[in-house]
Amino acid sequence: MAIQLVTTAAQLRAESARLLTRKRGTSQGLVPTMGALHEGHAQLARTAVAQNDVVVASVFVNPLQFGEAADLERYPRTLEADMALLDAAGVDLVFAPSAEEVYPGGEPLVRITAGPLGGKWEGASRPGHFDGALTVVAKLLHYGLPGAGLSGTGHSDAGLPAYRAYFGQKDAQQLALVQRMVEDLNFPVEIVPVPIVRTEDGLALSSRNRFLSDEERQAALVLSRALRLLEARAGAHEPLDLESAQALVESEPLVDLDYFDVVDPRTLEPLAENCRQTPFRGEGLAIIAARVGPVRLIDNVPLDS
Ligand code: PAF
């Protein structure tokens, strides 16, 4: 394997600086993950590799974003397989710190708060989840900042490497929140959204799919089918008729629908009622969440007329 593993922030700074110097690189990409990687993550990594000279992927199961201790315990840890997948994608460095490295004094007293956007949709059923996710993303973005170890390597302040971080569109709310955090708090990084990867029959890839039985997996396909229905109606400038798409999901007995709506992609505020009854124009994001058997699944599709 060409990929290198580092576990401390100091090693990450030193190694990424060394790689940038060796490659005479002008850009660095960061792919934050919690491990248990699948093809969706591989797509994030490949996109980062195509756009940057040096790419770091972080693998850290962040305790701050889990509500229940049992969920944190249960979260799959598969570092060896994750490293093989990242290596195949061309990633240079894996940063897999311990909880003590990231939170040396225990849980931090000061955190990022996700604000009102963090309390709706996924946030409504997972209180504090987005505060925890944004807090660790802020830290990871700082750890991955290129140039910190580059003194004497010819990089002047004016010529600091470009810095990009990669997030999947599947977690649309996390992506919107990270984009707002970076804008609102002036983080020197470009956030690059990467489209959802699906199986051939339409299921959005997720680390949680492994917990679905065959029957549940089959039932879960109704989520992407309902989203595709809205996508087709938007593309044809037809009324979205969300109610009939919702009825389709509710007709599947193994699926317990939590929410299904059409929102503004940046604010995640529901679009005005008239967008649903009159021919659809403009841009929107159809979002859905449901419990299927033991897992909660989310999915979304951009709507563009
Ligand atoms: O999307 C994830 O895997 C996590 O929420 C992230 C961004 C790595 C933060 O822990």
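The present account deals with the structure reproduced in this document.

Some thoughts on the pattern of salt bridges
Tallying each qualifying case throughout the model produces 13 salt bridges. A salt bridge links Asp 184 to Arg 180; the nearest nitrogen and oxygen atoms lie 3.4 Å apart. Residue Asp 184 and its partner Arg 180 are both found in helix α8 (residues 172-184); the two are separated by 4 residues, about one turn of the helix. What makes Asp 184 partly exposed here is its relative accessible area of 45%. By relative accessible area, Arg 180 is classed as partly exposed at 34%. Salt bridges here are not isolated pairs; linked through shared partners, they connect Glu 122, Asp 258 and Arg 296.

Points about helix α7 (residues 129-143)
Residues lying three or four places apart along an α-helix face the same way, a consequence of the helix completing one turn every 3.6 residues. Taking 1.5 Å per residue as the helical rise, α7 with its 15 residues ought to reach 21 Å, and the 21 Å between its terminal C-alpha atoms agrees with that figure. Of all 15 residues that make up α7, 12 are buried, and the element is covered over most of its length. Within α7, burial applies to His 129, Phe 130, Gly 132, Ala 133, Leu 134, Thr 135, Val 136, Val 137, Ala 138, Leu 140, Leu 141 and Tyr 143.

Considering the sheet that holds strand β8 (residues 283-292)
Strand order across the open sheet formed by 3 strands is β7-β8-β9, with antiparallel pairing between neighbours. Each of the sheet's edge strands pairs with one partner strand only, and the pair in question is β7 (255-263) and β9 (295-304). Averaged over all adjacent pairs, the angle separating strand axes in this sheet is 15°, with direction ignored. Contacts from helix α9 (residues 214-235) reach β7, β8 and β9, with the element oriented near 15° to β9.

Notes on the nonpolar core
A general trend in soluble globular proteins is that nonpolar side chains are found buried together. With 46 residues, the main nonpolar core has Leu 141, Met 181, Val 189 and Ile 191 as its most contacted residues. Looking at this core, the elements that each hand over two or more residues are α1 (9-22), β3 (54-59), β4 (93-95), α7, β5 (162-168), α8, β7 and β8. Among the elements that make up this core, the one with the highest residue count is α7 (8 residues). With sequence-adjacent residues up to four places away left out, Ile 191 is seen in contact with Ala 165, Phe 167, Leu 175, Val 178, Gln 179 and Val 182. By size, the runner-up hydrophobic cluster in this structure holds 29 residues, among which are Leu 242, Val 255, Val 295 and Leu 297.

So, the site of the ligand
Taken together, the residues surrounding the ligand are Pro 32, Thr 33, Met 34, Gln 65, Val 136, Val 137, Phe 167 and Gln 174. Gln 65 places a polar side-chain atom, nitrogen or oxygen, 2.7 Å from an oxygen atom of the ligand. The contact in question runs from an oxygen atom of the ligand to an N or O atom on the side chain of Gln 174, over 2.7 Å. Out of a free accessible area of 290 Å², the ligand has 88% covered by protein chains. Of all the secondary-structure elements, those providing two or more residues to the shell around the ligand are β2 (27-33) and α7. Of the residues that constitute the shell around the ligand, the class distribution is 5 nonpolar, 3 polar and no charged.

Focus on the environment of Asp 87
With respect to the secondary-structure elements, Asp 87 resides in helix α4 (residues 79-89). For Asp 87, a relative accessible area of 22% corresponds to the partly exposed category. Sequence spacing of Asp 87 and Val 6 is 81 residues, and the spatial spacing of their C-alpha atoms is 14 Å.

Procedures and definitions
Residue indices begin from 1 for each chain and proceed along its sequence in written order. With pLDDT at 70 or above as the cut-off, local features in this predicted model cover only qualifying residues; side-chain atom pairs require 80 or more to be listed or tallied, and sums for whole chains, interfaces and linings still use all residues. To obtain the side-chain values, all non-hydrogen atoms of the structure were included, while hydrogens and water were left out. Salt bridges are defined by distance alone: a side-chain nitrogen of Lys or Arg within 4 Å of a carboxyl oxygen of Asp or Glu. Runs of H or I in DSSP of at least four residues are treated as helices and runs of E of at least two as strands, each being numbered from the N terminus. The buried label goes to any residue with under 20% of its type's maximum accessible area, the exposed label to any with over 50%, and the partly exposed label to all in between, with areas taken from a 1.4 Å probe on protein chains only. Multiplying 1.5 Å by the helix residue count minus one yields the expected span of that helix. When DSSP finds two or more bridges between two strands, those strands count as paired. Between the N-to-C directions of two axes lies an angle of 0 to 180 degrees, each axis being a line fitted to C-alpha atoms and, for a helix, fitted only over the stretch in contact. Every residue pair with non-hydrogen atoms within 4.5 Å of one another is taken to be in contact. Buried Ala, Val, Leu, Ile, Met, Phe, Trp, Tyr and Cys residues that are joined via side-chain atoms within 4.5 Å together make up what is termed a nonpolar core. We call a residue near a molecule or strand when any one of its heavy atoms sits within 4 Å of it. We define a polar contact as two N or O atoms separated by no more than 3.5 Å, with the added condition that, inside protein, one atom must be a possible hydrogen donor and the other a possible acceptor, whereas residues neighbouring each other in sequence contribute only through side-chain atom pairs. Residue exposure ignores everything except the shown protein chains as possible cover, and the areas themselves are Shrake-Rupley values with a 1.4 Å probe. Side-chain classes follow a simple rule in which Ala, Val, Leu, Ile, Met, Phe, Trp, Tyr, Cys and Pro form the nonpolar group, Asp, Glu, Lys and Arg form the charged group, and the remainder, Gly included, forms the polar group.

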